[in-house]
Amino acid sequence: MKFLMFSATSRVLFYHVLCLVLVTSVVSNNPARAASPQAEFSRQGMVASRSGWASQVGADILAKGGNAVDAAVAVGFALAVTYPSAGNLGGGGFMVIRLADGRLITNDHREKAPLAADKDMYLDAEGEIVEGLSTRSHLAVGVPGTVAGLLDVLAAYGTLPRAQVIQPAIDLAQRGIILDRDLAQQFQRRLKDFAAYASSMAVFSRDGQAWRQGERFKQPDLAATLKRIKKYGKAGFYGGKTADLLVAEMTANGGLITHEDLLAYESKWRKPVTGTYRGHTIVSMPPPSSGGVLLVQMLNMLETLDLGTMGYGSAASIHAMVEAQRRAYADRAEYLGDPDFYPVPVARLISKTYAAQRYADFDPQRAGVSSVVKPGKIPLESMETTHASVMDAAGNAVAYTSTLNLSYGSKIVAGGTGFLLNNEMDDFSSKENVPNFYGLLGRRANAIEPGKRMLSSMTPTIVLKGDQPLLVTGSPGGSTIITTTLQIILNVIDHGMTLNDAVASPRFHHQWQPDRIVHETYAFSPDTRAVLHRMGHQQLFTIPAFLGRGIGDANSVLRTKEGIFGMSDPRNAGRAVGVPVTP
Ligand code: DON
């Protein structure tokens, strides 16, 4: 998304490619369709993800009596096989869980900086950022967390044995999948990136050519890695042959990850960020994600206005949302980071009092100016991502977002393991006030430190109505994840949309800096644009038509009195699969 960027041309170009592939499919869907595709429906349980194969795996697990946690973990492993641009073993993610008994849980399996990482590791002798080092090199790789997280969650809240939950992913890798147009085109576009690494070409090409649509794509090394995880659990990834292969890849190519890093990795249970919005409870991911905090902060600001009466797509409501986004993202740059390393003032940031102060200068007629809007004053307390949503009939709900960071991560397959390595290190602030790939700024709170988790925007979220789960949602899209999630929630709560309309409707995004609104084609009518211009929103950036798609990929599930609806984002080639009614 070049439109989020300030800087270097090569990053801009890279971002174009990212947009084409990451939040993408081959089918060019116009997100502003008048009638959005129908949602899937079931009373027995639902899985919505970016991959039909993975959704099917999850729905099968539910049908066999597994709960939503079993299904989400199975989907996580399956996505590593069938959606390799973002599904992963070599990356990280966050899971937000609401159990049928009402307990609210989050698991953080975000990658960590290796122990040998250094604050200035991406700077040259003059203190300037070395282009590509934090995205396209073995130094870009954070210590992977996905396997620890998925297995910890399964052991704590799943009901099925590890072997049963991992086996579908092993089958998909071993027997292979018949490549659809979506994946085949992704591989074709990525071939030149993979060409830099023999280990990546060994997986994603056949005799130097990209795999083609209709061919059977098998991943024997990945199947072997999954079998080691099935047999030995976490030790099958963080120890033994898998760890040896990963460390050998690092040692041979100037990477930093050691056996010590792998053995030290632990997923973390964290208290969810919760808030309220017009009588609903919002449950989302706390730091090291910025997602939950910003989401609740923006909802707190917007609750003071009547967005429903303003109307979906009105200049007034867009303006109000942009101004909430501007303020929240300014705070992100200053205050958000890994809470194990930096005292993130979560309670203050998500309080209604703070939102009222922060939004006090909101002018319904006039755009703010980001160079003037600074991070709020917080009295510090003394002191290609992919999203899947799952609900089962019993009332368990899981929101799961997982990532390698950019599409196909670092593009490096750890030789012999069959899995791609992340380039999550770019989510740190490599240098104060210099934007990262998503144009996001950061300072001390998100500086690189050994063993620290890099700040994320991933926002897996569950909305409760009364004490029942209403909506499970979230998205990929880097910095746009949080505003995509916000819009889905507002579409459901304020605008009373059905799930299909809530997910399909056009989106926009503002992130404080750069000071511009990015929006999908057709998101703003000409007269809405004119009103926004008059208010002072001078920079409106339409995502170019040639990109053919839009912001985010919000595979979501909604529960109504009728039953459970599932919707994969029509911008892409995902699928929602419901559990069939048992005869
Ligand atoms: O954690 C984050 O915020 C980013 N690494 C997410 C990357 C992403 O969403 C890419 N997908 N579009």
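Being a predicted model, the structure only gives us computed values, none of them experimental.

## Some details on the side chain of D152
Logical step 1: With respect to the secondary-structure elements, D152 resides in helix α4 (residues 146-157).
Logical step 2: Side-chain polar atoms of D152 contact the side chain of K234, separated by 2.7 Å.
Logical step 3: Residues contacting D152, with those up to four places away along its chain left out, are N107, K234, S267 and W269.

## Examining the environment of R103
Logical step 1: Note on placement: R103 falls in the loop between β3 (92-98) and β4 (104-109).
Logical step 2: For R103, a relative accessible area of 44% puts it in the partly exposed group.
Logical step 3: Apart from residues lying up to four places away in sequence, R103 is in contact with I97, R98 and Y157.
Logical step 4: Side-chain polar atoms of R103 contact the side chain of D101, separated by 2.9 Å.

## Focus: the nonpolar core
Logical step 1: Within the largest apolar cluster, 80 residues are counted, with the highest numbers of intra-cluster contacts made by F77, L89, F187, F204, L226, L246 and V398.
Logical step 2: The element contributing the most residues to this core is helix α3 (residues 68-82), with twelve residues.
Logical step 3: Apart from residues lying up to four places away in sequence, L246 is in contact with P144, F237, I257, L262, A414, F419 and L421.
Logical step 4: If you look at the next biggest cluster of nonpolar residues, it comprises 68 residues, including L302, L307, L486 and I489.

## Structural notes on the domain arrangement of the protein
Logical step 1: Each assigned domain of the protein is listed here: domain 1 (53-269 + 408-430) and domain 2 (272-383 + 459-578).
Logical step 2: Of the residues lining the interface, 16 residues belong to domain 1; the matching set on domain 2 comes to 19 residues.
Logical step 3: Contact with domain 2 buries surface across domain 1, with F94, V96 and R98 losing the most and accounting together for 43% of the total.
Logical step 4: At the surface where domain 1 touches domain 2, the tally comes to one salt bridge.
Logical step 5: One salt bridge in this structure joins D340 and K268, with 3.0 Å as the shortest N-O distance.

## Remarks on the layout of surface pockets
Logical step 1: By volume, the largest pocket amounts to about 260 Å³.
Logical step 2: If you go around the largest pocket, the residues you meet are R270, K271, P272, V273, T274, P286, P287, P339, V344, V346, A347 and I350.
Logical step 3: Those elements giving two or more residues to the lining of the largest pocket turn out to be β10 (273-277) and α15 (346-349).
Logical step 4: In the lining of the largest pocket, the residues fall into nine nonpolar, one polar and two charged.
Logical step 5: Empty space within the second largest pocket amounts to approximately 180 Å³.
Logical step 6: H280, K465, L470, V492, M497, L558, R559, T560 and K561 together form the lining of the second largest pocket.
Logical step 7: The residue makeup of the lining of the second largest pocket, split by class, is four nonpolar, two polar and three charged.

## Some points on the sheet that holds β10
Logical step 1: Read across the sheet, seven strands follow the order β1-β20-β19-β15-β14-β11-β10 without closing on themselves; strand pairing throughout is antiparallel. Every interior strand has two partners, whereas the edge strands, β1 (40-42) and β10, have only one. Strand-to-strand twist of the sheet, defined as the mean angle between neighbouring strand axes without regard to direction, takes the value 25°.
Logical step 2: In this structure, β10 lies alongside strand β11 (residues 280-284), joined through five bridges in antiparallel fashion. Each residue of the ladder has a partner; that of Y277, found in β11, is H280.

## Let's talk about the site of the ligand
Logical step 1: The ligand sits among 17 residues. The nearest are T385, N405, E424, D427 and S457.
Logical step 2: One of the side-chain N or O atoms of N405 is found 2.7 Å from a nitrogen atom in the ligand.
Logical step 3: Within the side chain of S456, a nitrogen or oxygen atom sits 2.7 Å from an oxygen atom of the ligand.
Logical step 4: When the ligand is considered free in solution it has 340 Å² of accessible area, and contact with the protein chains removes 99% of it.
Logical step 5: At a threshold of 2 Å from the grid points, most atoms of the ligand map onto the largest cavity.
Logical step 6: Its residues assigned to classes, the shell around the ligand comprises six nonpolar, seven polar and four charged.
Logical step 7: The residues that make up the shell around the ligand include at least three from each of domain 1 (53-269 + 408-430) and domain 2 (272-383 + 459-578).

## Comments concerning the pattern of salt bridges
Logical step 1: Tallying each qualifying case throughout the model produces 28 salt bridges.
Logical step 2: Of the charged contacts in the structure, one is a salt bridge between R270 and D108, with a shortest N-O distance of 2.8 Å. Of this pair, R270 sits in strand β9 (residues 268-270) while D108 sits in strand β4; the two residues are 162 residues apart in sequence, bridging distant segments of the chain.
Logical step 3: Measuring nitrogen to oxygen at the nearest pair gives 2.6 Å for the salt bridge that ties D494 to R278.
Logical step 4: Given a relative accessible area of 13%, D494 falls into the buried group.

Calculation criteria
- Residues numbered from 1 in each chain as written.
- Predicted model: local features only at pLDDT ≥ 70, side-chain atom pairs only at ≥ 80, totals over all residues.
- Heavy atoms only, no water.
- Helix = DSSP H or I, 4+ residues; strand = E, 2+ residues; numbered from the N terminus.
- Polar contact = N/O pair within 3.5 Å; in protein donor to acceptor, adjacent residues only side chain to side chain.
- Contact = heavy atoms within 4.5 Å.
- Buried < 20%, exposed > 50% of the residue type's maximum accessible area, 1.4 Å probe, protein only.
- Core = buried A, V, L, I, M, F, W, Y, C linked by side-chain atoms within 4.5 Å.
- Domains from an automatic or database assignment.
- Buried area = accessible area lost by both parts, 1.4 Å probe.
- Salt bridge = Lys/Arg side-chain N within 4 Å of Asp/Glu carboxyl O.
- 1 Å grid on protein atoms, 1.4 Å probe; cavity = no way out; pocket = protein on both sides within 12 Å on 5 of 7 lines; lining within 4 Å.
- Points joined across faces, edges and corners; volume = space filled by probe spheres on them.
- Nonpolar A, V, L, I, M, F, W, Y, C, P; charged D, E, K, R; others polar.
- Pairing = 2+ DSSP bridges.
- Axes fitted to C-alpha atoms, helices over the stretch in contact; angles between N-to-C directions.
- Near = heavy atom within 4 Å.
- Areas by Shrake-Rupley, 256 points an atom, 1.4 Å probe, with all protein chains shown as cover.
- Sits in = over half its atoms within 2 Å of the grid points.

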